[in-house]
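One letter stands for each residue in the lines below.
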Amino acid sequence: MPSKLAGPLAKAESRSPTMARPHTAGHPSLAWETLALDGGLTIDPATKAIAPNISMSVNNLLVPGDGAFSADGVEDLTALPFLYARWTNPTVRQLELRMAALEGADDALATATGVAAIAATFLTCLKRGDHLIISDVCYAGANELARRMLPDYGIEVTAVNMSRLDEVAAAFRPNTRLVHCESPCNPILRLTDLSAVAALAHRHGALVSVDSTLATPVATRPLALGVDLVIHSLTKFINGHGDALGGIVCGRKELVEKIRSRAGVYLGASLSAQNAWLIMRGIDTLFPRLKAMSDSAMRIAHFLRDHPGVRSVTYPGLETHPQHALARRQMRIFGGIVTFQTDDPQKIALRLAERLRVVHYAFSLGHQRSIVVLLDTKEMMNSTYGLEGPQLDDYRAFAGDGVFRLSVGLESVDDIIADLDRALR
């Protein structure tokens, strides 16, 4: 691009794009279930197609009269809704608007993966000399990015148990700029009191981001609880079909614009239009899927709790969960993830891998099919968390020597239970 466009381009790429008026404009009272289908939906003006289009073009035409031109040439690229696909494109923008509507946010930035959304947040909100407080147990990619890479760039990092508010309060420093939490946290389903952590952070002038991948907006809307930025791995429950990577960060317009102008432009982790379309297809059924999965998860949790081959079960919907009262306050449903412990977990892991016929023994979660995997505590400490002393004791209270993470799918709950029973005996 000619050098004379550098200034207008930089200005354009620091602003969130606009778009044609969405189908739901003027209907702020729509139910959340309806917004999952219609939030940000733009009817094709030429064909009147209801389903979102897939716009695969990398480039968009500059047309005289569209606000980008003056007598002196290119003047204001911020007048253009779309410019270049690395910034955004029409299909991706519909996804961003859909997720913003579901989270009650002003705006959202979609990224190629969930880790990219986390990296975009960290690398925008933090600089050399700043301090990050992060949950000592959270998604491994986020934990390792924060604790292994950010210090290389002069960013201080403290990992704390976010369920202990006194530890969170004690971790603040004058240079604390961001608190990153996760609720429920992956993999042990420990919860964070988001309202309390947000209040603490704001008293210290810090922002709060939360990875809400396991909760989804069906269960929890963190922005309504005082959180500043909510992050999802769209790959998981929101896409729901195990066939598209994606991530997103939602929040106030000025924060999202700042993230877009830095990470969205310069890190290059753009979401493809094809994946955005696939993820929107998944969002169409988000509410009924999560409701069905949550109902099944509750039945499976009760089954596992009474199974002779199971030592303990963790599920926010069970009264035995140590934070069940918080779960009832903060979650509308209890989600599709159940964890359980057994004696000799390595032996049971092999047995499950060999015997399961309905549930799949594999990594990842949030698919339409049920998936289970063992997360060995010693391995998790060596590879990711490195917890010691009381922090390790807190982890082991939820995970023991190893925890089986079961992502409940859409199969018949009776078939899932029968399959687990057969494999565990």
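Treat the numbers as computed from the prediction; the structure is a model and nothing was measured.

Caption draft 1: How the structure looks around the packing of helix H13 (residues 345-355) against helix H16 (residues 413-424). Two numbers describe how H13 lies on H16: the axes approach to 9 Å, and their chain directions differ by 125 degrees. As far as their axial angle goes, H16 and H13 are oblique. The handedness of the crossing between H13 and H16 is right-handed. Each of Ile348, Arg351, Leu352 and Arg355 in H13 lies in contact with H16, whose residues at this interface are Asp419, Arg422, Ala423 and Leu424. Looking at the contact of H13 with H16, its residues break down into four nonpolar, no polar and four charged.

Caption draft 2: Broad picture of the nonpolar core. Core analysis: the biggest nonpolar cluster contains 85 residues, and Leu95, Met99, Ile300, Leu304, Phe340 and Leu420 have the highest contact counts within it. If you tally residues by element for this core, the top one is helix H11 (residues 286-305), at nine residues. Here this core gathers at least three residues from each of two domains, domain 1 (32-59 + 74-281) and domain 2 (286-424). The contact partners of Ile300, leaving out residues within four places of it in the chain, are Leu406, Val408, Val413, Ile416, Ile417 and Leu420.

Caption draft 3: Geometry of the pairing of strand S9 (residues 247-251). In terms of residue burial, S9 counts as a mostly covered element, since five of its five residues are buried. Burial along S9 is two-sided: the residues Gly247, Val249 and Gly251 and Ile248 and Cys250 are all buried. Sheet topology note: the strand S3 (residues 107-111)/S9 ladder contains five bridges and is antiparallel. Bridging across to S9, Asp107 finds its partner in Gly251. Alignment of strand S8 (residues 229-233) against S9, held across five bridges, turns out to be antiparallel. Among the inter-strand pairings, Val230 is bridged to a residue of S9, identified as Cys250.

Caption draft 4: View of the pattern of salt bridges. This structure, assessed with the given rule, holds 24 salt bridges. Here Asp394 makes a salt bridge to Arg164, at a shortest N to O gap of 2.9 Å. With Asp394 in helix H15 (residues 389-399) and Arg164 in the loop between strand S5 (156-160) and helix H6 (165-171), this pair connects stretches of sequence that are 230 residues apart. Taken together, the shared-partner salt bridges connect Arg93, Glu96, Asp107, Lys253, Glu257 and Arg260 into one network.

Caption draft 5: Looking closely at the packing of aromatic side chains. In the structure shown here, the tally under the stated rule is three aromatic pairs. For the ring pair Phe340 and Phe404, a centre distance of 5.1 Å and an interplane angle of 15 degrees mean the geometry is stacked. Linking Phe340 in strand S11 (residues 337-341) with Phe404 in strand S14 (residues 402-407), this pair joins segments that are 64 residues apart in sequence. This pair shows no difference in class: Phe340 is buried, exactly as Phe404 is.

Caption draft 6: Main features of the environment of Leu83. Of note, Leu83 is situated in the loop between strand S2 (73-74) and helix H3 (90-103). Along the chain, Leu83 and Leu61 lie 22 residues apart, while their C-alpha atoms are 7.6 Å from each other.

Caption draft 7: Local environment of the sheet that holds strand S10 (residues 312-314). The strand order across the open sheet formed by five strands is S10-S11-S14-S13-S12, and the pairing between neighbours is mixed. The two strands at the open ends of the sheet, each matched to only one other strand, are S10 and strand S12 (360-361). Judged from the three bridges that link them, S10 and S11 form a sheet pairing that is antiparallel. Paired with Val313 across the strands is Phe340, a residue of S11.

Caption draft 8: Highlighting helix H10 (residues 273-283). Within H10, eight of the 11 residues are buried, which leaves it mostly tucked inside the rest of the structure. Among the residues of H10, those classed as buried are Ala273, Asn275, Ala276, Leu278, Ile279, Met280, Gly282 and Ile283. Contact partners of the buried residues in H10: helix H2 (32-38), H3 and H11.

Caption draft 9: Spotlight on the packing of helix H4 (residues 114-125) against helix H5 (residues 140-149). Between H4 and H5, the shortest axis-to-axis distance is 9 Å and the interhelical angle comes to 30 degrees. For the element pair H4 and H5, the recorded crossing hand is right-handed. In this structure, H4 uses Val115, Ile118, Ala119 and Phe122 to contact H5, whose residues at the interface are Gly141, Ala142, Leu145 and Ala146. Taken together, the residues of the contact of H4 with H5 break down into seven nonpolar, one polar and no charged.

Caption draft 10: Structural detail: the confidence of the model for the protein. Mean pLDDT over the protein: 90, with 90% of residues reaching 70 or higher. Segment residues 1-26: pLDDT under 50, and 52 contacts once partners within four positions in sequence are set aside and those in other chains are kept.

Caption draft 11: Here's a closer look at the side chain of Asn239. Within the secondary structure, Asn239 is located in the loop between S8 and S9. For Asn239, a relative accessible area of 0% gives the class buried. For Asn239, the side chain forms a polar contact with the side chain of Arg281, separated by 3.5 Å. Setting aside residues up to four positions removed in sequence, Asn239 forms contacts with Leu234, Ala244, Leu278, Ile279, Arg281, Gly282 and Arg289.

Parameters and conventions
- Residues numbered from 1 in each chain as written.
- Predicted model: local features only at pLDDT ≥ 70, side-chain atom pairs only at ≥ 80, totals over all residues.
- Heavy atoms only, no water.
- Axes fitted to C-alpha atoms, helices over the stretch in contact; angles between N-to-C directions.
- Helix = DSSP H or I, 4+ residues; strand = E, 2+ residues; numbered from the N terminus.
- Parallel < 35°, antiparallel > 145°, perpendicular 65-115°, else oblique.
- Left-handed = near helix turned anticlockwise from the far one by under 90°.
- Contact = heavy atoms within 4.5 Å.
- Nonpolar A, V, L, I, M, F, W, Y, C, P; charged D, E, K, R; others polar.
- Core = buried A, V, L, I, M, F, W, Y, C linked by side-chain atoms within 4.5 Å.
- Buried < 20%, exposed > 50% of the residue type's maximum accessible area, 1.4 Å probe, protein only.
- Domains from an automatic or database assignment.
- Pairing = 2+ DSSP bridges.
- Salt bridge = Lys/Arg side-chain N within 4 Å of Asp/Glu carboxyl O.
- Phe/Tyr/Trp six-rings, centres within 6.5 Å; stacked < 30°, edge-to-face > 60°.
- pLDDT = per-residue confidence, 0-100.
- Polar contact = N/O pair within 3.5 Å; in protein donor to acceptor, adjacent residues only side chain to side chain.

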